[in-house]
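Inside the fold
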Amino acid sequence: GAVVSQHPSWVICKSGTSVKIECRSLDFQATTMFWYRQFPKQSLMLMATSNEGSKATYEQGVEKDKFLINHASLTLSTLTVTSAHPEDSSFYICSAPGALGAYEQYFGPGTRLTVT
Amino acid sequence: SQQGEEDPQALSIQEGENATMNCSYKTSINNLQWYRQNSGRGLVHLILIRSNEREKHSGRLRVTLDTSKKSSSLLITASRAADTASYFCATAGDSGYSTLTFGKGTMLLVSP
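Okay, so let's go over this structure. (Residues numbered from 1 in each chain as written. Chains lettered and ligands numbered in written order. Predicted model: local features only at pLDDT ≥ 70, side-chain atom pairs only at ≥ 80, totals over all residues. Heavy atoms only, no water.)

Details of the overall build of chain A
Within chain A, the regular secondary structure consists of zero helices and 11 strands. Each helix (α) and strand (β) of chain A, taken in turn from the N terminus, gives the series β-β-β-β-β-β-β-β-β-β-β. Taken over C-alpha atoms, the radius of gyration comes to 13 Å for chain A, in line with the 13 Å a tight globule of 116 residues would show. By its C-alpha atoms, chain A is 40 × 25 × 20 Å across when sized along the principal axes. Out of the 116 residues belonging to chain A, those deemed buried represent 49%. Partitioning the intrachain contacts of chain A with sequence separation of at least 6 by distance along the chain shows that 52% fall at a separation of at least 24. A total of about 5,600 Å² of accessible surface is found on chain A, and carbon and sulfur atoms cover 53% of it. One way to put it: in chain A the 9 positive side-chain charges average out to a point 7 Å from where the 9 negative ones average out. (Helix = DSSP H or I, 4+ residues; strand = E, 2+ residues; numbered from the N terminus. Rg over C-alpha atoms; globule rule 2.2 N^0.38 Å. Buried < 20%, exposed > 50% of the residue type's maximum accessible area, 1.4 Å probe, protein only. Contact = heavy atoms within 4.5 Å. Areas by Shrake-Rupley, 256 points an atom, 1.4 Å probe, with all protein chains shown as cover. Lys, Arg positive; Asp, Glu negative; His and termini not counted. Charge placed at Lys NZ, Arg CZ, Asp CG, Glu CD.)

Some thoughts on the interface of chain A and chain B
With 23 residues of chain A at the contact, the number on the chain B side is 25 residues. When chain A packs against chain B, the two sides together hide about 1,800 Å² of surface, and 61% of this comes from carbon and sulfur. If you sort the residues of chain A by the area they bury against chain B, Ser43(A), Tyr103(A) and Phe107(A) come out on top, with a joint share of 35%. The interface formed by chain A and chain B contains zero salt bridges. (Buried area = accessible area lost by both parts, 1.4 Å probe. Salt bridge = Lys/Arg side-chain N within 4 Å of Asp/Glu carboxyl O.)

A few points about the sheet that holds strand 1 (residues 5–7) of chain B
All names here are of chain B. With antiparallel pairing, five strands are arranged side by side in an open sheet as 1-3-8-7-6. The open sheet is flanked by strand 1 and strand 6 (55–58), the only strands paired with a single partner. Between one strand axis and the next, the sheet turns through 15° on average, direction left out of account. Bridging between strand 7 (residues 61–66) and strand 8 (residues 71–76) involves six bridges; their strand directions are antiparallel. For Arg62, the partnering residue across the bridge sits in strand 8 and is Leu75. (Pairing = 2+ DSSP bridges. Axes fitted to C-alpha atoms, helices over the stretch in contact; angles between N-to-C directions.)

Regarding the pairing of strand 3 (residues 19–24) of chain B
All names here are of chain B. Here strand 3 shows a buried face lined by Ala19, Met21 and Cys23 and an unburied face lined by Thr20, Asn22 and Ser24. Inspection of the sheet shows strand 1 paired to strand 3 by three bridges, in the antiparallel sense. Considered in strand 3, the bridge of Asp7 is made with Asn22. Bridge count between strand 3 and strand 8: six bridges; the pairing is antiparallel. In the sheet register, Thr20 faces strand 8, and the bridge partner there is Leu75.

Here's the deal with the nonpolar core
All names here are of chain A. Trp35, Phe67, Leu79, Tyr92 and Leu113 are the most contacted members of the largest nonpolar core, which totals 24 residues. Put simply, the parts of the chain that give this core at least two residues each are strand 2 (10–13), strand 3 (19–25), strand 4 (32–38), strand 5 (44–51), strand 7 (67–73), strand 8 (76–81), strand 9 (90–97) and strand 11 (111–115). When neighbours within four sequence positions are excluded, Phe67 is seen to be in contact with Arg37, Met47, Tyr58, Val62, Leu79, Thr80, Val81, Asp88 and Tyr92. (Core = buried A, V, L, I, M, F, W, Y, C linked by side-chain atoms within 4.5 Å.)

What about the sheet that holds strand 3 of chain A?
Residues and elements named next belong to chain A. Sheet architecture is open: four strands sit in the order 1-3-8-7, paired in antiparallel fashion. The strands lining the two open edges of the sheet, one partner per strand, are strand 1 (4–7) and strand 7. With direction set aside, neighbouring strand axes in the sheet form an average angle of 20°. Across four bridges, the pairing between strand 1 and strand 3 is antiparallel. Looking at strand 3, one finds that Gln6 is bridged to Cys23.

Considering the side chain of Lys66(A)
All names here are of chain A. Looking at where Lys66 falls in the secondary structure, it is placed in the loop between strand 6 (57–58) and strand 7. A polar side-chain atom of Lys66 sits 2.9 Å from the main-chain carbonyl oxygen of Ser83. Lys66 has contacts with Thr80, Val81, Thr82, Ser83, Ala84, His85 and Asp88, leaving out every residue within four places of it along the chain. (Polar contact = N/O pair within 3.5 Å; in protein donor to acceptor, adjacent residues only side chain to side chain.)

As far as function goes, none of this settles anything; it's purely spatial.
Below you can see the structure in the form of structure tokens.
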């Protein structure tokens, strides 16, 4: 089946620094990827839709200048949390549709970000 | 914004028992999906039921969909300790492959 990886699995950074999270589709191409944020014991909240070769589409309330998304190839999307603050600490998960037109999504294992 | 609302929020059962989780949603959908998440991990797709379907089976999973009530249920039969996880329903709209809107999830604990 389709496999999505994320790197790193967890990261601890100091307040004010930037952190980049990678999302890769390993055995398929993904023109679209999705980025979610999940707080402890809560559900996933869609942050943005990443589109290969074009600008990402952000959900209402998500600051595009703070959460920079780059989808430079058909297998890689990156999320950069700029000037991170403790309230940005969360579990970030990416996903991709398994095939063109498919509704099912394949999820990466997630990245735990802790900002101190 | 979240659409699906699962209940119960948490469920604790013994191995061998059946587990039923319910999900309600608010808007029209193309399909509804159920996902499983082990603690601190990503989500795994379990099953998809289309809006014109009423029931679907996959192994020990049985999903029902009632579009008139905007609700779905997930039944796991003969549960195992390995089924311990959080289960989320997610709805997809009509526009091609669509963004998913997730419910709050049910935490299932299956004790040996």
